[in-house]
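Examining the three-dimensional arrangement
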Amino acid sequence: MLLHRPGNELKRLTPRNNDQLLFDSIPWVDRAQEEHDAFAEVLRGRGVEVLLLADALRTALADPRAHAAGVHAAVDERRLGIDLADSLRSHLSSVSPEVLAEALMAGMTFEELPAAEGVSLVRLMNHPNDFAVDPLPNLLFTRDSSAWIGNRVAVSSLTMPARVRETAVLDLIYAYHPWFRHASRAYGAHSAPIEGGDVMLLSPGVLAIGVGERTTAAGAESLARSVFADGIAHTVLAVPIQQTRATMHLDTVCTMVAADAVVMYPLSRDSLTAFTMRPTDDGSMKVEGPAPFLTAAAEAMGIDRLRVIDTGLDPVTAEREQWDDGNNTLALAPGVVVGYERNVETNARLEEAGIEVLAITGSELGSGRGGPRCMSCPIRRESI
C-alpha cells in the first residue's frame, strides 16, 4: 500500500493560498502526522505492507536518470524565465536525492532559490514568499495520482492545476524505484484526464469510473480501451457524478465494503446511472445505457443485487457525513473497512450490516477533503 506521510508541503498552506491548493482549512501538521502514523499502524496491524511515498521518491532519485528527470520536473522555465531557470537547474542538479525530493514535494519560494549572478526581473517582481516551485500538499491523497488495476499501474492525468505536477513524481517512482522498474502501465499520464479516486474495482474484471469534476468522459473511455486491450477487465461502467467539490470523485459518493455491498450517499442511490462499456470481438468497443448504476453494477458483477448501506441516518446527517468522507472507506478485506471515527452514524450502519469498521482519527487529515480510501493506493491485492 502506497501512503504519503504529511510533510513540509502542508506547512506551505496559508489563508492566502489554501483554496488554490485545494484545502478547505489549514491543517495542524504535527497532529496530521500523528493521525497518519496511527492510520499506517492500523494497516500494518492487519498485515498490510506500507510503502511511504517520500521514501520511494528518495530511493528512485538515487538513479542519475531519475535525478535529471526530477530536476526537469521541478523547474518551470515559463514561470522563472531562462536565466533564473538555468540557475535553479544547475543548483538542483548538484543536490542530494533527499534535497531534490524535498523540493519536488514541498516546493521552493523565491527567497529559497540559490543566489545567482546578474539581475533577475522575475526575482525582483515576485514576493520572497511566492512559490518558484509549487508545493504538492495533495500528495497525501495517493489514490488520486495513480491506481493499480491487476498487475498494471494507471498513472493519472490530473485535472486541477495544483495537482498536475504530482504526475511527474509518480512517474519517477514507477520508472526508477527498484520495486516498480518492470511494472507495466495501464494508462499514461499524458492521456485524457482521469484520477484514481474515480476508479473503483467492483469485482474481478469489472471497473466503475466516475465522470465529473476531475475525470472526463474521454478519460473514462481511454482507460476502458486500455484495460480491454490488456485483458485486465471485461466491463467498465462510466458513472456520471455531480461536478461539485462535495462529490469530486466517485469514491466520495460510494465505496465497496464487501463483495456484494457498497456504502452510498442516499441522495445518489436512485439518481446514479451508468454507461456500460465492453470490448467486441473485432477489437472495438460497445457502449450501452444509461441504466441505474446499482442495476448495471450487479449485472456486470454477475450477482442478483448490490447491497446498499446508507450514509448517515437522516438527510441532514447523511449530508454532513458525506462531506466528512463517510463514504470514503478503505476496504482491507471483504467486510473489513477503515473509516473516520467522526462519521458515527455511518459507521454504526456499517456495523449493523456486518461490516467491521476500524475507526481512525482524521480531524486534520480530512482538511483536504479525503478519507482513508483517498489516502491509500493499493499496489498488490490478494485474490478473494
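Quick note: structure is the one above.
Quick summary incoming for the structure in this document. It should be emphasised that the depicted structure is a prediction, and the values quoted were computed from it without experimental measurement.

1. Here's the deal with the sheet that holds strand β17 (residues 336–340)
Pairing within the open sheet is mixed, and its three strands lie in the order β16-β17-β18. Both edges of this open sheet fall to β16 (330–333) and β18 (356–360), since each of them pairs with a single strand only. Averaged over all neighbouring strand pairs, the angle between strand axes comes to 30 degrees, with direction disregarded. As defined by bridge partners, β17 adjoins β18 across five bridges and the pair is classed as parallel.

2. Observations regarding the packing of aromatic side chains
For the coordinates displayed, the defined rule picks out five aromatic pairs. Here the aromatic rings of Trp148 and Tyr174 are separated by 5.6 Å at their centres, their planes lie at 80 degrees, and the arrangement is edge-to-face. Highlighted residues: Trp148 in strand β5 (residues 146–149) and Tyr174 in helix α9 (residues 166–176), separated in sequence by 26 residues. Side by side, Trp148 and Tyr174 carry an identical accessibility label, which is buried.

3. Here we look at the pattern of salt bridges
Taken as a whole, this structure holds 26 salt bridges when the rule is applied. Note that Arg46 and Glu356 form a salt bridge whose closest N and O atoms lie 2.5 Å from each other. Here Arg46, found in the loop between α1 (29–45) and β2 (51–52), pairs with Glu356, found in strand β18; they are 310 residues apart in sequence, far enough to count as distant. Here Arg269 and Asp310 are joined by a salt bridge, their closest N and O atoms 2.8 Å apart. Taken together, the residues span a long stretch of sequence, with Arg269 in helix α11 (residues 266–269) and Asp310 in strand β15 (residues 307–310) at a distance of 41 residues. Given the relative accessible area of 31%, Arg269 is considered partly exposed. Among the charged side chains, a network of salt bridges with common partners joins Asp63, Arg65 and Arg181.

Scoring rules and cut-offs
- Residues numbered from 1 in each chain as written.
- Predicted model: local features only at pLDDT ≥ 70, side-chain atom pairs only at ≥ 80, totals over all residues.
- Heavy atoms only, no water.
- Pairing = 2+ DSSP bridges.
- Helix = DSSP H or I, 4+ residues; strand = E, 2+ residues; numbered from the N terminus.
- Axes fitted to C-alpha atoms, helices over the stretch in contact; angles between N-to-C directions.
- Phe/Tyr/Trp six-rings, centres within 6.5 Å; stacked < 30°, edge-to-face > 60°.
- Buried < 20%, exposed > 50% of the residue type's maximum accessible area, 1.4 Å probe, protein only.
- Salt bridge = Lys/Arg side-chain N within 4 Å of Asp/Glu carboxyl O.

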